[in-house]
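Letter by letter, the chains look like this.
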Amino acid sequence: MYEYLEYHGVRREVIEAMNKIDRKIFVSEEYEESAYLEVPLPIGFGQTISAPHMVGIMCSALNLSRGDKVLEIGTGSGYNAAVISLLVGDDGHVYTIERIAELAEIARRRMELLRIKNVTVVVGDGKNGLAEYSPFDKIVVTCYARKIPKQLLSQLSDNGILLCPVGNELVQVLKRITKVRGKIHEENLMEVKFVPLV
Ligand code: SAH
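The structure contained in this document is the topic of the report that follows. Since the model is a prediction, treat every value here as computed from it, not as a measurement.

On to the state of the cysteines, then. Note on terminology: a disulfide is the covalent bond linking the sulfur atoms of two cysteines. Under the defined criterion, the tally for this structure stands at zero disulfides. Summary of cysteine pairing: C59 is not part of a disulfide, and the nearest cysteine sulfur, belonging to C143, is at 15 Å. With no disulfide of its own, C164 lies 7.5 Å from the sulfur of C143, the closest cysteine sulfur.

On to the environment of E32. Mapped onto the elements, E32 comes out in the loop between α1 (12-20) and β1 (41-44). Expressed as a C-alpha distance, the spacing of E32 and V119, which sit 87 residues apart in the sequence, is 24 Å. When neighbours within four sequence positions are excluded, E32 is seen to be in contact with K24 and V27.

Taken together, 26 residues lie near the ligand, and S77, E98, D125, G126 and V198 sit nearest. Within the side chain of S77, an N or O atom sits 2.6 Å from an oxygen atom of the ligand. In the model, an oxygen atom of the ligand is placed 2.6 Å from a nitrogen or oxygen of the E98 side chain. Contact with the protein chains covers 99% of the free accessible surface of the ligand, which is 590 Å². Sorting the residues of the shell around the ligand by element identifies β2 (47-49), α3 (79-88) and β4 (93-98) as the ones contributing at least two each. If one sorts the elements of the shell around the ligand by residue count, β2 sits on top with three residues. Here the residues of the shell around the ligand sort into ten nonpolar, eleven polar and five charged.

Basis of the calculations
Residues numbered from 1 in each chain as written. Predicted model: local features only at pLDDT ≥ 70, side-chain atom pairs only at ≥ 80, totals over all residues. Heavy atoms only, no water. Disulfide = S-S within 2.5 Å. Helix = DSSP H or I, 4+ residues; strand = E, 2+ residues; numbered from the N terminus. Contact = heavy atoms within 4.5 Å. Near = heavy atom within 4 Å. Polar contact = N/O pair within 3.5 Å; in protein donor to acceptor, adjacent residues only side chain to side chain. Areas by Shrake-Rupley, 256 points an atom, 1.4 Å probe, with all protein chains shown as cover. Nonpolar A, V, L, I, M, F, W, Y, C, P; charged D, E, K, R; others polar.

Right, here's the structure in full:
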């Protein structure tokens, strides 16, 4: 299904994980026919599920390994969290924060349906991160921020990777932050388009 993502630089293991998670389960009935298209789709409440290539690129840029503890800001449909859950395996865990309680509940039910046990969906403000489970090996923000929230930087483990789209509603760049011996390295990966971090 997602073999073409190879041409977007998406890693083999990410493509395999995406092939295992049926995107149709993460969209509402009215969009089922479009479930596999290379576009973001509405999921209600003015939010969207990211296009497949975006999920693939972000999961690749995070360099996920088995056993990683991951924090996602913006659960949305839960699709990205489900793909990450396969990549970190049973020894890893995904904590994902969503501010809209209804979306969080729907995402939780989808994880149950797929018998995914290593994803915890939390309702709250992602800007604060989740101090009680920190530090995280990887943090991924799936909405854009004007500035990377400080709390998230402080909850990133040493040698950890944080991805966050930064910008405004017109232009955003996907930033990759790496923490090496407490020092922050920043890279601009590509131009992207996301809904805002509220
Ligand atoms: N990763 C999702 C796509 C997310 S869209 C997927 O795979 O489907 C971005 C999500 O971020 C939206 O659901 C939005 O409600 C949520 N969001 C925006 N601001 C937030 C905040 N401050 N805290 C938590 N979630 C937030």
